[in-house]
Amino acid sequence: MTPSEVKRYLSERKIAPLTDIALHFDMQPDAVRGLLEHWIRKGKVRLIAEEGCEGSCCGNCSEQHNKEIYQWV
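About the cut-offs
- Residues numbered from 1 in each chain as written.
- Predicted model: local features only at pLDDT ≥ 70, side-chain atom pairs only at ≥ 80, totals over all residues.
- Heavy atoms only, no water.
- Pairing = 2+ DSSP bridges.
- Helix = DSSP H or I, 4+ residues; strand = E, 2+ residues; numbered from the N terminus.
- Axes fitted to C-alpha atoms, helices over the stretch in contact; angles between N-to-C directions.
- Phe/Tyr/Trp six-rings, centres within 6.5 Å; stacked < 30°, edge-to-face > 60°.
- Buried < 20%, exposed > 50% of the residue type's maximum accessible area, 1.4 Å probe, protein only.

Asker: Help me understand the sheet that holds strand β1 (residues 15–17), please; the structure alone is not making it clear to me.
Answerer: The strands making up a sheet associate through backbone hydrogen bonding, with each pair oriented either parallel or antiparallel. An order of β1-β3-β2 is seen for the 3 strands of this open sheet, with the pairing classed as antiparallel. This sheet does not close on itself; its edge strands, each paired only once, are β1 and β2 (45–50). With strand direction ignored, the average angle separating the axes of adjacent strands in the sheet is 25°. Pairing of β1 with strand β3 (residues 67–72), which is carried by 3 bridges, proceeds in the antiparallel orientation. When the sheet's bridge partners are listed, I15 is paired in β3 with Q71.

Asker: Looking at this structure, how should I read the packing of aromatic side chains?
Answerer: Think of a pair of aromatic rings as described by two things: how far the centres are apart, and how the planes are tilted against each other in angle. Evaluation of the coordinates by the stated rule reveals 2 aromatic pairs. Look at Y9 and F25: their rings are 5.5 Å apart centre to centre, the planes differ by 70°, and that puts the pair in the edge-to-face class. Separated by 16 residues along the polypeptide, Y9 in helix α1 (residues 3–13) and F25 in helix α2 (residues 18–25) bring together distant segments of the chain. F25 shares its class with Y9; the two are buried.

Asker: Got a minute to help me understand unusual backbone geometry in this structure?
Answerer: Backbone phi values are negative for most residues with the exception of glycine, while trans is the configuration of most peptide bonds. Not every positive phi belongs to a glycine, and K14 is a case in point at roughly 75°. Along the chain, the position of K14 falls in the loop between α1 and β1. Here D26, not a glycine, exhibits a phi torsion of approximately 55°, which is positive. In this structure, D26 sits in the loop between α2 and α3 (29–41).

Here you go:
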């Protein structure tokens, strides 16, 4: 996968969680994160961190609610 492929995918979707992008390209999230950093440095992508309740509401929130969401700007 190239940075251009990530650009095309995210610019079409506008916004996507890291897990969706990684699944789409069948890559590990850390590898995708590195490619997204390229576009963040260029000011084309913004990281939106969505954090769960950190256990204060249901006590069952964990990594599944901690998402990295990326937006094409």
